[in-house]
Amino acid sequence: MPAQSIQLEPGNDDDRLELPGQPYAMALWNLIVRPPRRRYDLARLGPEEFRLWSVCVKRIDINLTNSRGMTLRCSHFLPRALAEGNPACDLGLEPRPVVIYLHQNASCRLEALNLVPLFLPLGISLFCLDFAGCGESDGEYISLGWFERDDLSDCVDYLRKTGKVSAIGLWGRSMGAVTALLHADRDHSIGGMVLDSPFCNLTTLATELAQSEYLAVKVPTWLLSGALGLGRIRIRSLCGFDIEELKPEQHVGDSFIPALFVHGRGDDFIPPHHTEKLFAAYNGDKELEMVEGDHNSPRPNHLNRKAVLFFCRAFRCSPTPQANDDGNLARMLGLDTLGLDGSLDLPVMSRQLVLEAGKQLAISGSFPPVPGGRLPPAGAARPWLGDRHQLFLPFRAEGALQLCEPSAEAGFCVCLVPSPSDWAGVNRPPEVLIAYAAADGLHLARASERGREALAHAECQLDLSVPLLCVLELRPKPSRIRLALGTGGLEFEHTLREECDLEVFTWLWDSRRGEALFFDCAFSDLLHPAGQDTLSMGAVDSEDSSVYSGDQRPAGGHLEPPPLAGKGGGLRPKSQRGSTETISGGRRRSDPPTSTSVSVVVGGSAAAQQEAAGSSSSFCPSQ
């Protein structure tokens, strides 16, 4: 019978539970060696590099071959400086502790993602894998710890050979917790273990499952011994191990590693008495934490934080975020990084914080990249940023500018906030992009504390004798950026690494490496057809200290501007506006790029420039 699957997201077959081909509920052994298999798109792991408030994180995906010749799909989340071996950073060369997360039987490495913002700010890396027979790894069956301990041993050997890890900890849940216990008595170098919902004896568990609600038809008591005998024979033929020999309770007496035992009070799949028995027999330093919930319930944040502090004690490392220089945006702003990165589900960010962080990134990220990943020189000229404007995706910004010198660089700077995610929580630091024109063509760069990180470049020698019309378009779903010459022939499109909130902030931008002039800037809303009075945007001169929520477009699809401010800071009154708003003047300004789709156009017809420039349109297009 062909395998069946259950979509976890309607209409998305990339994220699903795959069921065995045989009638699932009728086979006891399926609960043990072939539970539903979690399949997923690798994009669910997130981008290969992303920012937390206190550290930049890099994910390295590894394929390991286990002792049975199967490929294990693994991921290692490290501080970027440690991953790249950056000698300019405190964390660049010194090996740091690592926690290996070991997932449940019907799960995969995605289970570990919510721990990334808890460990990485502390300088502790996180390693996770799909066990053989799970997720995207090879293999058809699992063994509830019997062979998984060998998979774990292969991962430990790999990590020790990298030279990037010091102490190693294990965090296992259900099958993963049993795997940790079976490995611990043969590897006493492990620094500490968190053991969530292990069973003490597989035969005992199988007996309980045979008469539980997890089978469509419970096994009568008088048939129980025969059913278990049949299951034992079937599992041995399919998987090559004997369930009678899988007894974690026989291993805890030889384990001396500090351990935190955890179990859900409402767990009816592996009842709490299994963990209580293991805890009582364990010979090492130990703690027991009973929590609300069942076998598959998400663990409360206080439990996750307690587990992190437990590892800090076991590793003898500080429970406060590391004072590293690479990607530590919170340190740059003098903020409490633990409160920001550690608040996984409670928004605590204010708009003022987002804007201040975005501005700092825009300034430091306006410099060309510095060799060796060091900070830009202190004496370098600061870039120019114009008035800040609050916009909502999708929108278009048009700016008339002129590059007066070959070294000039000018365009838009856009501040966006990535959407909440499993791997980074809800309090995401902003991302700042710079889309600009230079003498050698069009550029897109990401602003970081280490300077500009180039993302895309459309090469062309622009005519500096005439002004240019720059058009910036940002569109969501999918997040993408397109740069093109208005006259055609020169363009590129770039897809951003994450989706972002609808609310963005933009500035006109000038690197001040050469003389550049801005004449006019106009904004238009792309959400509604042209001609509808739907757009209302203005310069934001006051800071909003309310909790940030960037995915809420104001009623009517637009934001009412503040009263007209001096120096061209606001837009015309609503009665005088159509779907496009124009700001005129011979001043410099700047915009930060947004989170979804950016389209920058340089050039265009004289008529198009006149339309965008209004009264200040006495210039020729760049051909």
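Residues numbered from 1 in each chain as written. Predicted model: local features only at pLDDT ≥ 70, side-chain atom pairs only at ≥ 80, totals over all residues. Heavy atoms only, no water.

## Examining the pairing of strand β24 (residues 516-525)
- Among the ten residues of β24, eight are classified as buried, and the element is accordingly described as predominantly covered.
- In this sheet, β24 lies alongside strand β15 (residues 395-403) in antiparallel orientation, the contact comprising nine bridges. Bridge assignment links Arg-396 to a residue of β24, and that residue is Ser-524. (Buried < 20%, exposed > 50% of the residue type's maximum accessible area, 1.4 Å probe, protein only. Helix = DSSP H or I, 4+ residues; strand = E, 2+ residues; numbered from the N terminus. Pairing = 2+ DSSP bridges.)

## What about the nonpolar core?
- In terms of nonpolar packing, the biggest core is built from 61 residues, with Ile-100, Phe-127, Leu-129, Met-193, Leu-202 and Phe-241 touching the most fellow members.
- No other element matches helix α5 (residues 175-184), which puts seven residues into this core.
- If near-sequence neighbours (up to four positions away) are discounted, Phe-127 is found in contact with Ile-62, Cys-74, Ser-75, His-76, Val-98, Val-99, Ile-100, Tyr-101, Cys-155, Tyr-158 and Leu-159.
- Membership of the second largest hydrophobic core comes to 37 residues, among which are Phe-50, Leu-122, Val-262 and Phe-311. (Core = buried A, V, L, I, M, F, W, Y, C linked by side-chain atoms within 4.5 Å. Contact = heavy atoms within 4.5 Å.)

## Brief notes about the pattern of salt bridges
- Tallied over the entire structure, the rule returns 27 salt bridges.
- Residue Arg-396 is joined to Glu-473 by a salt bridge in which the shortest nitrogen-to-oxygen separation is 2.4 Å. With a gap of 77 residues between them, Arg-396 in strand β15 and Glu-473 in strand β20 (residues 468-474) connect regions that are remote in the sequence.
- Residue Glu-473 is classed as buried on the basis of its relative accessible area of 12%.
- Note that Arg-428 is salt-bridged to Glu-498, the shortest N-O span being 2.8 Å. Of this pair, Arg-428 sits in the loop between β16 (409-416) and β17 (431-438) while Glu-498 sits in the loop between β22 (491-495) and β23 (503-510); the two residues are 70 residues apart in sequence, bridging distant segments of the chain. (Salt bridge = Lys/Arg side-chain N within 4 Å of Asp/Glu carboxyl O.)

## Topic: unusual backbone geometry
- Leu-393 connects to Pro-394 through a cis peptide bond whose omega is -5 degrees.
- Within the fold, Pro-394 resides in the loop between β14 (389-392) and β15.
- Here Lys-477 and Pro-478 are connected by a cis peptide whose omega angle stands at 0 degrees.
- Inspection of the secondary structure assignment puts Pro-478 in the loop between β20 and β21 (480-485).
- Although it is not a glycine, Leu-144 adopts a positive phi angle of roughly 55 degrees.
- Its location among the elements puts Leu-144 in the loop between β8 (125-129) and α4 (148-162).
- With phi around 60 degrees, Ser-174 is a residue other than glycine that occupies positive phi space.
- Here Ser-174 is to be found in the loop between β9 (165-173) and α5.
- Owing to a relative accessible area of 4%, Ser-174 belongs among the buried residues under this scheme.

## Some remarks on the packing of α4 against α5
- The N-to-C vectors of α4 and α5 enclose an angle of 70 degrees; their axes lie 9 Å apart at closest approach. Overall, the two elements α4 and α5 adopt an arrangement that is roughly perpendicular. Together, Glu-148, Arg-149, Leu-152, Ser-153 and Val-156 of α4 and Met-175, Thr-179, Ala-180, Leu-182 and His-183 of α5 make up the contact between the two elements. (Axes fitted to C-alpha atoms, helices over the stretch in contact; angles between N-to-C directions. Parallel < 35°, antiparallel > 145°, perpendicular 65-115°, else oblique.)

## Thoughts on the pairing of strand β5 (residues 56-65)
- Here strand β4 (residues 49-51) runs beside β5; their pairing, made up of three bridges, is antiparallel. Within β5, the residue paired with Phe-50 across the bridge is Val-57.
- Count of turn residues in the β4/β5 antiparallel hairpin: four residues.
- The hairpin turn running from β5 into strand β6 (residues 71-79), its antiparallel successor, is five residues long, and Gly-69 in that turn takes a positive phi close to 80 degrees.

## Brief notes about the side chain of Ser-297
- Along the chain, Ser-297 falls in the loop between β12 (286-291) and α9 (301-315).
- Separated by 2.7 Å, the side chains of Ser-297 and Asp-294 make a polar contact. (Polar contact = N/O pair within 3.5 Å; in protein donor to acceptor, adjacent residues only side chain to side chain.)

## Let's talk about the side chain of Glu-431
- Among the secondary structure elements, Glu-431 is positioned in strand β17.
- The class of Glu-431 is buried, set by a relative accessible area of 13%.
- Within polar-contact distance, the side chain of Glu-431 engages the side chain of Arg-446 at 2.9 Å.

## A short note on the sheet that holds β5
- The nine strands lie next to each other as β4-β5-β6-β8-β7-β9-β10-β11-β12, forming an open sheet whose pairing is mixed. Looking at strand neighbours, the two that pair on one side only are β4 and β12, the edges of this open sheet. Between one strand axis and the next, the sheet turns through 20 degrees on average, direction left out of account.
- Here strand β10 (residues 192-196) pairs with strand β11 (residues 259-264) via four bridges, running parallel. Opposite Met-193, over in β11, you have Ala-259 as the bridge partner.

## Section: the packing of aromatic side chains
- A full pass over the atoms with the stated rule returns 13 aromatic pairs.
- Here the aromatic rings of Phe-261 and Tyr-282 are separated by 5.5 Å at their centres, their planes lie at 75 degrees, and the arrangement is edge-to-face. With Phe-261 in strand β11 and Tyr-282 in the loop between α8 (273-281) and β12, this pair connects stretches of sequence that are 21 residues apart. Neither residue differs from the other here; Phe-261 and Tyr-282 are each classed as buried.
- Between Phe-310 and Phe-311, the aromatic rings sit 5.7 Å apart at their centres with planes inclined by 65 degrees, giving edge-to-face as the arrangement.
- The structure contains a cluster of three or more aromatic residues connected by ring pairs, namely Tyr-101, Phe-119, Trp-171, Phe-310, Phe-311 and Phe-315.
- A cation over an aromatic ring shows up here: Arg-149 above the ring of Trp-146, its NZ or CZ 4.5 Å from the ring centre.
- Directly above the ring of Phe-279 sits Lys-286, whose terminal nitrogen or CZ lies 4.9 Å from the centroid. (Phe/Tyr/Trp six-rings, centres within 6.5 Å; stacked < 30°, edge-to-face > 60°. Lys NZ or Arg CZ within 6 Å of the ring centre and 35° of its normal.)

## As for the environment of Gly-69
- Looking at the element boundaries, Gly-69 is found in the loop between β5 and β6.
- For the pair Gly-69 and Asp-138, spaced 69 residues apart in the sequence, the C-alpha separation amounts to 9.1 Å.

## Remarks on helix α12 (residues 351-364)
- Helix length check: α12 (14 residues) gives 20 Å between terminal C-alpha atoms against 20 Å at 1.5 Å per residue, within 8%.
- Every buried residue of α12 is accounted for by Arg-351, Leu-353, Val-354, Leu-355, Ala-357, Gly-358, Leu-361, Ala-362, Ile-363 and Ser-364. (Expected span 1.5 Å × (residues − 1).)

## Examining the confidence of the model for the chain
- On average, residues of the chain carry a pLDDT of 79, and 73% of them reach 70 or more.
- For the stretch residues 531-546, pLDDT sits under 50, and the model shows 63 contacts to residues farther than four places along the chain or on other chains.
- Low confidence marks residues 602-623, where pLDDT is under 50. Its contacts with residues over four positions away, or in another chain, come to 50 contacts. (pLDDT = per-residue confidence, 0-100.)

## Focus: the environment of Pro-406
- Looking at the element boundaries, Pro-406 is found in the loop between β15 and β16.
- The spatial distance from the C-alpha of Pro-406 to the C-alpha of Ala-438 is 7.6 Å, given a sequence separation of 32 residues.
- Setting aside its immediate chain neighbours within four residues, Pro-406 contacts Ala-439 and Leu-464.

## Re the environment of Met-290
- Tracing the backbone through its elements, the reader meets Met-290 in strand β12.
- If we ignore the near neighbours within four places in the chain, the residues touching Met-290 are His-263, Arg-265, Pro-272 and Glu-276.

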